[in-house]
Amino acid sequence: MRLNSLLETRLADLHAAGLLRELRRVDSPTGPHLQLGGQRLHNFASNDYLGLANHPVLREAAIKAIERFGIGSGGSRLMGGSLAPHHELEAALADFKGTEAALSFASGYATAVGTISALLGKDDVIILDKLVHASLVDAARLCGAKIRVYKHNDLADLERILQWATRPRPASSGERHPRPNVLVVTESVFSMDGDGVPLREMVALKERFGAWLMLDEAHATGLYGERGQGLANAQGVADRIEIQMGTLGKALGVSGGYIVGSRKLVDYLVNRARSFIFSTAPPPAVAAAATAAVRYVQTPAGQALRHQLWAYVRALASHFPPPGGRPPIAIFPVIVGDEAAAVALFAALRERGFFVPAIRYPTVARGAARLRITLTAAHAAEDITALADTLRLLLPRFSQRKIDHAPPRPT
Ligand SMILES: *Cc1c(COP(=O)(O)O)cnc(C)c1O
């Protein structure tokens, strides 16, 4: 078994570098507490920001859909017929986001990869924020376009690259297309560093250069705006963004991903997004639960969950304020730096009853390991105070620097 001995060496190397990852079995629903290895822990590791993952309204929608449509979807939506719950979800998403159309995918990852490689090819240019999610990086690689990366949230750097990408090409240059299609890709709220993009300025910038914008609202949908539509809607620029994407597995509490935009965009993706075409549709109950979530976050009850979450965010930020006067978000990165130190801090917190994941390379850069606290509306105020107290006690032992966030965003 030469493969196994090779893998053993590689795993040992990961272990030595403090980078070994392993699955931790949980024997409870995901929520503010987890049953993990015989221990009941306060859970600060979930993206279930509004506490919908185990919410009765969603459970009921899923159960009803199972009774009516069964479990499996039977195949790709283009092959075996496209079940009604998927259409209802897409109608709800388009209505929620105020777009002509929506298309749902099995995951956010599949959404990014399918959409970007359907839209761009080798004659095009894709420009990514340095910190975008791995699914967007993989999508950029897969589509074959020229890749350029700008410094995180740095619009001056983005402008420099846009100038290069859209520079006039002399007819003699031999390039087939005098002007490539240029797509700028960013998230509206960055999960690993917990900061938001200067969205209005970015929209104005891409318009000035005639580029397209793809905005991933994975960590903003359900959380920003009057009805939780996301940052693009909250800032009034949604109709100037060509491609909006998001996930159904974070604040919406279910799983899956989506694109919202023009009818033409969706019609085209149905024809060309390979991760949509060549993959079994998610179970109808998942679509039904997601539809219930999209509707629920817009109700007064959903709004109350948002208010609760933001109250907790402000409470934790009063202990650990983000630098630069940046508004805090539900994700608080606690930068430790060293990978092994981050893992040791994780273990110390776990001993004290807190589950706060250590985030390491390759999710973040080497030497930028951190703990990532995620607050949810389902926490209790005491949970958050207890975490803040414990962290204040432990942090100095594990990191030279105190809580330190990403570089402040440019204004
Ligand atoms: C989580 C996430 C994804 C992937 O979504 P999944 O549904 O988990 O596959 C894509 N983009 C961003 C920014 C994310 O945070």
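Because the structure is a prediction, the values reported are computed rather than measured.

**Considerations on the overall build of the protein chain**
- A tally of helices and strands in the protein chain yields 14 helices and 15 strands.
- Its C-alpha radius of gyration of 22 Å places the protein chain within 12% of the 22 Å reference for a compact globule of 411 residues.
- C-alpha extents for the protein chain along the principal axes are approximately 65 × 55 × 55 Å.
- Of all 411 residues assigned to the protein chain, the portion counted as buried reaches 52%.
- Counting contacts in the protein chain only where the partners sit at least 6 residues apart, residues at least 24 apart contribute 72% of the total.
- Entry remark: accessible area of the protein chain is about 18,700 Å², with carbon and sulfur atoms responsible for 55%.

**Describing the sheet that holds strand β15 (residues 369–374)**
- Sheet architecture is open: three strands sit in the order β12-β15-β14, paired in antiparallel fashion. Looking along the sheet, the strands with just one partner apiece sit at the ends: β12 (331–337) and β14 (358–359).
- As judged from the six bridges shared by β12 and β15, these two strands associate in the antiparallel manner. Paired with Ile331 across the two strands is Thr374, which belongs to β15.
- Those strands touched by helix α13 (residues 339–351) are β12, β14 and β15, and its axis lies near 35 degrees from that of β15.

**A few points about the side chain of Asp216**
- By secondary structure assignment, the location of Asp216 is in strand β9 (residues 212–216).
- Apart from residues no more than four positions distant in its own chain, Asp216 is found in contact with Leu136, Thr186, Glu187, Ser188, Met245 and Gly246.

**What to know about the pattern of salt bridges**
- The tally for this structure, following the rule as stated, stands at 11 salt bridges.
- A salt bridge links Asp27 to Arg25, with the nearest nitrogen and oxygen atoms 2.9 Å apart.
- Owing to a relative accessible area of 65%, Arg25 belongs among the exposed residues under this scheme.
- Where Arg208 meets Glu159, a salt bridge forms, and the shortest distance between an N and an O atom there is 3.3 Å. Of this pair, Arg208 sits in helix α7 (residues 199–208) while Glu159 sits in helix α6 (residues 155–165); the two residues are 49 residues apart in sequence, bridging distant segments of the chain.
- With a relative accessible area of 55%, Arg208 lands in the exposed category.

**Structural notes on helix α3 (residues 84–97)**
- Compared with an ideal rise of 1.5 Å per residue, which puts 14 residues at 20 Å, α3 spans 20 Å between its outermost C-alpha atoms and is within 8% of the ideal.
- For α3, the full list of buried residues reads Pro85, His86, Leu89, Glu90, Ala92, Leu93, Ala94, Phe96 and Lys97.
- Tucked into the core, α3 has its buried residues touching α2 (56–69), β3 (101–105), α8 (231–234), β10 (243–247), β11 (257–261) and α11 (284–296).
- Just downstream of α3, Gly98 is the residue with a positive phi angle, here 70 degrees.

**Brief notes about unusual backbone geometry**
- The linkage connecting Tyr361 with the following residue, Pro362, adopts the cis geometry, with an omega of 5 degrees.
- Mapping Pro362 onto the fold places it in the loop between β14 and β15.
- One non-glycine residue, Asn153, lies in the positive phi region at around 55 degrees.
- Its location among the elements puts Asn153 in the loop between β5 (146–150) and α6.
- Look at Asn153 and you get buried, because its relative accessible area is 0%.

**Observations regarding the domain arrangement of the protein chain**
- Domain assignment breaks the protein chain into domain 1 (24–52 + 300–398) and domain 2 (56–296).
- Averaged C-alpha coordinates put domain 1 and domain 2 at centres separated by 27 Å.
- Domain 1 puts 21 residues into the contact, and the matching count from domain 2 is 22 residues.
- Between domain 1 and domain 2 lies a buried interface of about 1,800 Å² when both sides are counted; carbon and sulfur atoms form 58% of it.
- Our enumeration of links across domain 1 and domain 2 arrives at zero salt bridges.
- Here domain 1 and domain 2 share five residue pairs in polar contact (both at pLDDT 80 or more) between them.
- Contributions of two or more residues to the side of domain 1 that touches domain 2 are made by α12 (300–319), β12 and β15.
- Of all the elements, α12 adds the most residues to the side of domain 1 that touches domain 2, at seven residues.
- Here the side of domain 1 that touches domain 2 is composed, by residue class, of 12 nonpolar, four polar and five charged.

**A closer look at the confidence of the model for the protein chain**
- Predicted confidence across the protein chain gives a mean pLDDT of 92, with 94% of residues reaching 70 or more.
- Contacts of residues 401–411 to residues separated by more than four positions or lying in other chains number 30 contacts, the stretch itself having pLDDT below 50.

**Some words on the nonpolar core**
- Counting 94 residues, the largest nonpolar core has Ile373 and Leu375 as the members making the most contacts within it.
- Ranked by residue count, the leading element in this core is α11, at eight residues.
- The two domains that each donate at least three residues to this core are domain 1 (24–52 + 300–398) and domain 2 (56–296).
- With near-sequence residues (within four places) excluded, Ile373 lies in contact with Phe44, Leu316, Ala330, Ile331, Phe332, Val334, Val356, Leu387 and Leu391.
- Ile126, Leu183, Met245 and Ala273 belong to the second-largest nonpolar core, a separate cluster that totals 29 residues.

Scoring rules and cut-offs
- Residues numbered from 1 in each chain as written.
- Predicted model: local features only at pLDDT ≥ 70, side-chain atom pairs only at ≥ 80, totals over all residues.
- Heavy atoms only, no water.
- Helix = DSSP H or I, 4+ residues; strand = E, 2+ residues; numbered from the N terminus.
- Rg over C-alpha atoms; globule rule 2.2 N^0.38 Å.
- Buried < 20%, exposed > 50% of the residue type's maximum accessible area, 1.4 Å probe, protein only.
- Contact = heavy atoms within 4.5 Å.
- Areas by Shrake-Rupley, 256 points an atom, 1.4 Å probe, with all protein chains shown as cover.
- Pairing = 2+ DSSP bridges.
- Axes fitted to C-alpha atoms, helices over the stretch in contact; angles between N-to-C directions.
- Salt bridge = Lys/Arg side-chain N within 4 Å of Asp/Glu carboxyl O.
- Expected span 1.5 Å × (residues − 1).
- Domains from an automatic or database assignment.
- Buried area = accessible area lost by both parts, 1.4 Å probe.
- Polar contact = N/O pair within 3.5 Å; in protein donor to acceptor, adjacent residues only side chain to side chain.
- Nonpolar A, V, L, I, M, F, W, Y, C, P; charged D, E, K, R; others polar.
- pLDDT = per-residue confidence, 0-100.
- Core = buried A, V, L, I, M, F, W, Y, C linked by side-chain atoms within 4.5 Å.

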